[in-house]
Amino acid sequence: MTGKSHLSVGIGLGITTFVLNYESTNDFLYSSLICTGCIIGSLLPDIDSGKSMISQHFLFLPKLIKKIFGHRGFIHSPLFIFALYYLLSHSTNLQVQQLRAGLAIGMISHLILDLFTKMGIPIFFPIWTKKISFSSIKTGSKAEPIVALILFFIMAGGLIYLKHFFRKDILC
């Protein structure tokens, strides 16, 4: 998917998490950090591409990451999300913890969107590096925004369900 699609879904999920958390915490900063994490996380996996929206803000890091991992390699795998989540979980800073939750949601949304592109992602990395795809949609095609919108509603619905019916502090 294009950066525009990832960013749109990230903003949508960020607003969703903001509203869900603000209604239960009344803490603007807390809710804003999770929202910000969603937006950044929705773009973060594309830091392995020198032409992506997020890589434009870094000088050498995208080239180094692409050289080490390639595009849609480790950085586009669930393992990367788990690793980053685990590393950030060691922080005692409450703001980092709040940002961590949003980053995870945003990065998961990124991977879900990319699962529906022709190129796919390596879901089982490093055990199996073959990229899995659930559709043949080309990045930048006319169908991409429609698929992104449908997936956004499914993901937002999932967050709402988890927050209201499963566990009250699911996004904390």
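These notes cover the structure that comes with them. Residue numbers run consecutively from 1 along every chain, following the written order of its sequence. The predicted origin of the model limits local features to residues at a pLDDT of at least 70 and limits the giving and counting of side-chain atom pairs to 80 or more, whereas totals for whole chains, interfaces and linings rest on all residues. Each side-chain value is worked out from all heavy atoms of the structure, with water and hydrogens disregarded.

## Some details on the packing of helix 2 (residues 28–43) against helix 5 (residues 94–115)
Logical step 1: Every angle, taken between N-to-C directions, lies between 0 and 180 degrees, and every axis is a line fitted to C-alpha atoms, over only the stretch in contact when it is a helix. Under the DSSP-based scheme used, a helix requires at least four consecutive residues in state H or I and a strand at least two consecutive residues in state E, with every element numbered from the N terminus. Where helix 2 contacts helix 5, the axes come no closer than 6 Å and their chain directions differ by 35°. Crossing angle aside, the handedness with which helix 2 passes helix 5 is right-handed. Residue-level inspection shows L29, Y30, L33, I34, T36, G37, C38, I40, G41, S42 and L43 of helix 2 in contact with helix 5, the latter providing Q95, Q98, L99, G102, L103, I105, G106, M107, S109 and H110.
Logical step 2: Gly is put with the polar residues, along with every residue not named as nonpolar or charged; the nonpolar set is Ala, Val, Leu, Ile, Met, Phe, Trp, Tyr, Cys and Pro, and the charged set is Asp, Glu, Lys and Arg. Taken together, the residues of the contact of helix 2 with helix 5 break down into 11 nonpolar, 10 polar and no charged. Crossing handedness is read from the near helix: turned anticlockwise from the far helix by less than a right angle, it gives a left-handed crossing, and turned clockwise, a right-handed one. Contacts between residues were defined by any pair of non-hydrogen atoms, one from each residue, lying within 4.5 Å.

## A look at the side chain of S52
Logical step 1: The residue S52 is located in the loop between helix 2 and helix 3 (61–69) in this model.
Logical step 2: Between buried and exposed lies partly exposed: a residue is buried under 20% and exposed over 50% of the maximum accessible area for its type, with that area taken using a 1.4 Å probe on protein chains only. Given a relative accessible area of 9%, S52 falls into the buried group.
Logical step 3: Side-chain polar atoms of S52 contact the backbone oxygen of S49, separated by 3.1 Å.
Logical step 4: When residues no more than four places from it in sequence are discounted, the contact partners of S52 are D46 and I47. Contacts described as polar in this section are N or O atom pairs within 3.5 Å, which, within protein, must combine one atom able to donate a hydrogen with one able to accept it, while residues neighboring in sequence count only if both atoms come from side chains.

## With respect to unusual backbone geometry
A negative phi angle is the norm for most residues apart from glycine, just as the trans form is the norm for most peptide bonds.
Logical step 1: Here the bond from F125 into P126 is cis, since omega is 5°, no more than 30 degrees from zero.
Logical step 2: In this model, R72 sits at a positive phi of 60°, which is unusual for a non-glycine residue.
Logical step 3: Here R72 is to be found in the loop between helix 3 and helix 4 (78–89).
Logical step 4: On the accessibility criterion, R72 (4% relative accessible area) is buried.

## A word on the packing of helix 4 against helix 5
Logical step 1: Interaxial distance between helix 4 and helix 5 falls to 10 Å at its minimum, and their mutual angle equals 180°. In terms of axis orientation, helix 4 runs roughly antiparallel to helix 5. Taking contact as the criterion, the partners of P78, F80, I81, L84, Y85, L88 and S89 in helix 4 are, on helix 5, V96, Q97, R100, L103, A104, M107, I108 and L111.
Logical step 2: Within the contact of helix 4 with helix 5, the residues separate by chemical class into 12 nonpolar, two polar and one charged. In these notes the angle categories are as follows: under 35 degrees is roughly parallel, over 145 is roughly antiparallel, 65 to 115 is roughly perpendicular, and the rest is oblique.

## Points about the pattern of salt bridges
Logical step 1: A pair is scored as a salt bridge if a Lys or Arg side-chain nitrogen falls within 4 Å of a carboxyl oxygen belonging to Asp or Glu. Summed over all chains, the structure comprises one salt bridge.
Logical step 2: Across the pair D114 and R72 runs a salt bridge, and its minimum N-O distance is 3.4 Å. A residue pair is termed long-range when its members are at least 10 positions apart, and D114 in helix 5 and R72 in the loop between helix 3 and helix 4 qualify at 42 residues. The two residues D114 and R72 agree in class, both being buried.

## A short note on the packing of aromatic side chains
Logical step 1: Only rings of Phe, Tyr and Trp enter the pairing, Trp through its six-membered ring, and a pair is recorded when the two centres are within 6.5 Å. The plane angle decides the type: under 30 degrees is stacked, over 60 is edge-to-face, the rest tilted. Overall, the coordinates contain eight aromatic pairs when judged by the stated rule.
Logical step 2: Ring geometry for F18 and F28: centres 5.5 Å apart, planes at 80°, overall edge-to-face. Pair noted here: F18 is in helix 1 (residues 3–25) and F28 is in helix 2, with a separation of 10 residues, a long-range link.
Logical step 3: What makes F28 exposed here is its relative accessible area of 55%.

## A word on the environment of K130
Logical step 1: Locating K130 in the fold gives a position in the loop between helix 5 and helix 6 (144–166).
Logical step 2: Judged by relative accessible area, K130 falls into the partly exposed class, the value being 49%.
Logical step 3: Linking K130 and G73, residues 57 residues apart in sequence, is a C-alpha distance of 9.5 Å.
Logical step 4: Those residues within four positions of K130 in sequence are excluded, and the remaining contacts are I121 and P122.

## Focus: the environment of L84
Logical step 1: Positionally, L84 belongs in helix 4.
Logical step 2: Measuring from C-alpha to C-alpha, the distance between L84 and E144 comes to 28 Å, with 60 residues separating the pair along the chain.

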